[in-house]
Amino acid sequence: MAEPFIRIENLTKRFSISAGKRIRKTGFTAVNNVSLNIERGEVFGLVGESGCGKSTLSLLVLRLLEANGGAVYHGDTNILELPRRKMRRIRRDMQIVFQDPYDSLDPRFTLERIMNEPLQIHRWGTGAEREARIDELFAAVSLDKQQLKRYPHQLSGGQRQRLCIARSLALSPGFLVCDEAVSALDVSIQAQILNLLLDLKDEFGLTYLFISHNLAVVKFVSDRIGVMYFGKIVELADTDELFDNVLHPYTAALLSAVPDPDPFSEKKRDILPSGVPSLIDPPGGCAFHPRCKYAGERCARESPELRDAGRGHLVACHRLEC
Amino acid sequence: MSDGQRLLEIKDLRISFSVGEDTVRAVNGVSLTLDRGEALGVVGESGCGKSVTFSSVMGLLPSPPAVIEGEIVFDGRDVTKLSDRQMRRVRGKDIAMIFQEPMRSLNPVMRIGNQIVEALLLHGAVSRGQVWTRALELLKLVEVPDAPSRLHCYPHQLSGGLRQRIMIAMALASQPRILLADEPTTALDVTIQAQILELLKRVQRETGMSIVIITHDLGVVADIVDNVAVFYAGVIVEKADKYSLFRSPMHPYTIGLLNCIPTLQTKRKRLYVIEGNIPDPARLPIGCAFSPRCAYATERCLTEKPETRECAPGHFCACHLAGQIDPLNP
């Protein structure tokens, strides 16, 4: 196998909380010892419920948040150890698109200024070259350059997300994190943006970390998928392998919860008992055991390791070790 | 179906707003009926008029600025003609509503129990002595675990799924005859969404009330409703029972919607796409509102608004080409 493009090793992030009048210091681990590789040119999908740490992980990978431990290798450089100036240079190569395009655009900037900002910060080219670059990017995401003098509120939701994508591509990054990039969009627009992301990947040779809570969307775009629960990867495999051969009970429950637009489907919903456990007071052993119908005595005691169950299919569950 | 079954009838509803020089036409002639015990799914993208339509059913649209024409007949009375006082007796009591984001609909500085009790007392559903017992019963009905202690919680102490259960409990407090659920699961995780849908289905079966689920996600309605109405640009473009709608959709918009959602079965490398955006409601096209995005649009579609026709028994569609498009290969 070729050298992975992004290599994440034992990445951990703890947050501390001061609670109550007596300022009792507690904390929780949002990302707990996560290791994974993202190969050049692939779409790596990350799924999980809200609060499972998937967005924290994406921020750590881009070093928009400082990790407490572990390493993120971009090629052979550990970016977590880079000094600020070098980090800035590497940021050109790593960009992110967020969920709500409206929240990530300055409402008082024109589209032109929004597009120019990353180019100016990184001192990219001359004025004329920048203008040409913006035209090129607008063409790539099918935005009309007549709109350059407009403001974000004058665009529709889909156009705003196109703008965010164009901006993130301004510095020709190789790696793009899409954090719930289509979740806030209407279904017809969601389809347009998903197709656009796949086209851009081919056109610019991009690598994606694609984060979503929607399993059907993740399945559609990803080459490989990691399922995250409670700050840990619980299952990781090639997309086809994962769906043909679901091993972790949490993945199975996620799958069965996906609403199926087919009234004829006989799918029996496998409904999870409510609620992700409290992060502050985590259950012992496997974090999923309070909601797991297969949980045994060992699951309450001991946290399962992520192991290879064959064909590169990694899973963290005691049920598979016997 | 006999008229005795009919609970709500919307007749040629038109709602517009004046914005500066423009007139924004949010609803352009919607007619639909809801029977006792019926579960209706209302599907459409943002800005298609689905929420405006049902806000007006609840009397939640102040007029002016909204200009409301047409009739909304609930239980023999036109609710658009009711005075504020009369409307207050209907709203929340006979017709209850739950919204997408429960945190925004709950009072953040009031304990859950007090909020439910307030709803119970407001509608005079039970006597003061009984009210806490009833509140507890409601929490159990919506399957809130550990109900007695939850009564003392504030909304921020609960998860999104629990908050939505509390909203449902409050909506059920007055034993409404219609529950309007506007995107009830959109803000929730898939696993929680499945729980809430299951709950709505069960409560509807047990109480026999009618329910309207307003959503942009066809997957949500496929499971729990009887009939589906598809909204586009302020009109119903297609309405049928869910089986016939999903098996043989007729309107190109419905067909597009069904094809553009990635499902676990999607194998294609590219998704089917409905090009373009919804039209500006202040500048609606002259002909069919969908024609600028429709791959099949003909000369006639651009100039003449299609009438709603019954294209198959119980299957209504507003399209000149209804029945001529292959739903599987658009």
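Residues numbered from 1 in each chain as written. Chains lettered and ligands numbered in written order. Predicted model: local features only at pLDDT ≥ 70, side-chain atom pairs only at ≥ 80, totals over all residues. Heavy atoms only, no water.

Attention now goes to the overall build of chain A. Check the secondary structure of chain A and you find ten helices and twelve strands. Rg of the C-alpha trace for chain A: 21 Å, near the compact-globule value of 20 Å for 322 residues, within the 12% margin. Considered along the principal axes of its C-alpha atoms, chain A spans approximately 65 × 55 × 50 Å. For chain A, the proportion of contacts with a sequence separation of at least 24, taken over those separated by at least 6, is 64%. When the accessible area of chain A is evaluated, it comes to approximately 14,700 Å², of which 47% is carbon and sulfur surface. Measuring between centres, the 42 positive side-chain charges of chain A sit 8 Å from its 41 negative side-chain charges. (Helix = DSSP H or I, 4+ residues; strand = E, 2+ residues; numbered from the N terminus. Rg over C-alpha atoms; globule rule 2.2 N^0.38 Å. Contact = heavy atoms within 4.5 Å. Areas by Shrake-Rupley, 256 points an atom, 1.4 Å probe, with all protein chains shown as cover. Lys, Arg positive; Asp, Glu negative; His and termini not counted. Charge placed at Lys NZ, Arg CZ, Asp CG, Glu CD.)

A common way to state how big an interface is: give the accessible area lost once the parts meet. All names here are of chain B. Entries for chain B in the domain assignment read domain 1 (6-94 + 176-317) and domain 2 (104-175). Here the C-alpha centroids of domain 1 and domain 2 sit 29 Å apart. With 17 residues of domain 1 in contact, the opposing surface of domain 2 contributes 13 residues. Both sides of the domain 1 and domain 2 interface together cover about 1,300 Å² of buried area, and 65% of this is carbon and sulfur. (Domains from an automatic or database assignment. Buried area = accessible area lost by both parts, 1.4 Å probe.)

A word on the state of the cysteines. Summed over the entire model, instances satisfying the criterion amount to zero disulfides over all chains. Sulfur of C317 of chain A: no disulfide; nearest cysteine sulfur belongs to C292 of chain A and is 6.2 Å away. Among the residues examined, C317 of chain A registers a relative accessible area of 9% and is labelled buried. Cysteine C301 of chain B shares no disulfide, and the gap to the nearest cysteine sulfur, in C319 of chain B, comes to 6.1 Å. Taking relative accessible area as the criterion, C301 of chain B reaches 7% and is therefore assigned buried. (Disulfide = S-S within 2.5 Å. Buried < 20%, exposed > 50% of the residue type's maximum accessible area, 1.4 Å probe, protein only.)

Per the stated rule, a full pass over the model turns up 28 salt bridges over all chains. Note that D22 of chain B and R283 of chain B form a salt bridge whose closest N and O atoms lie 3.3 Å from each other. Of this pair, D22 of chain B sits in strand β2 (residues 22-35) while R283 of chain B sits in the loop between α11 (252-260) and α12 (299-303), and the two are 261 residues apart along the sequence. Among the salt bridges present, the one from E206 of chain B reaches R202 of chain B, with a minimum N-O distance of 3.0 Å. Of this pair, E206 of chain B and R202 of chain B both sit in helix α8 (residues 190-207), separated by four residues, roughly a single helical turn. Overall, E206 of chain B belongs to the exposed group, its relative accessible area being 51%. In this structure R202 of chain B comes out as buried when scored by relative accessible area, which is 18%. One continuous salt-bridge network, built from bridges that share partners, spans E297, R298, R301 and E302 of chain A. (Salt bridge = Lys/Arg side-chain N within 4 Å of Asp/Glu carboxyl O.)

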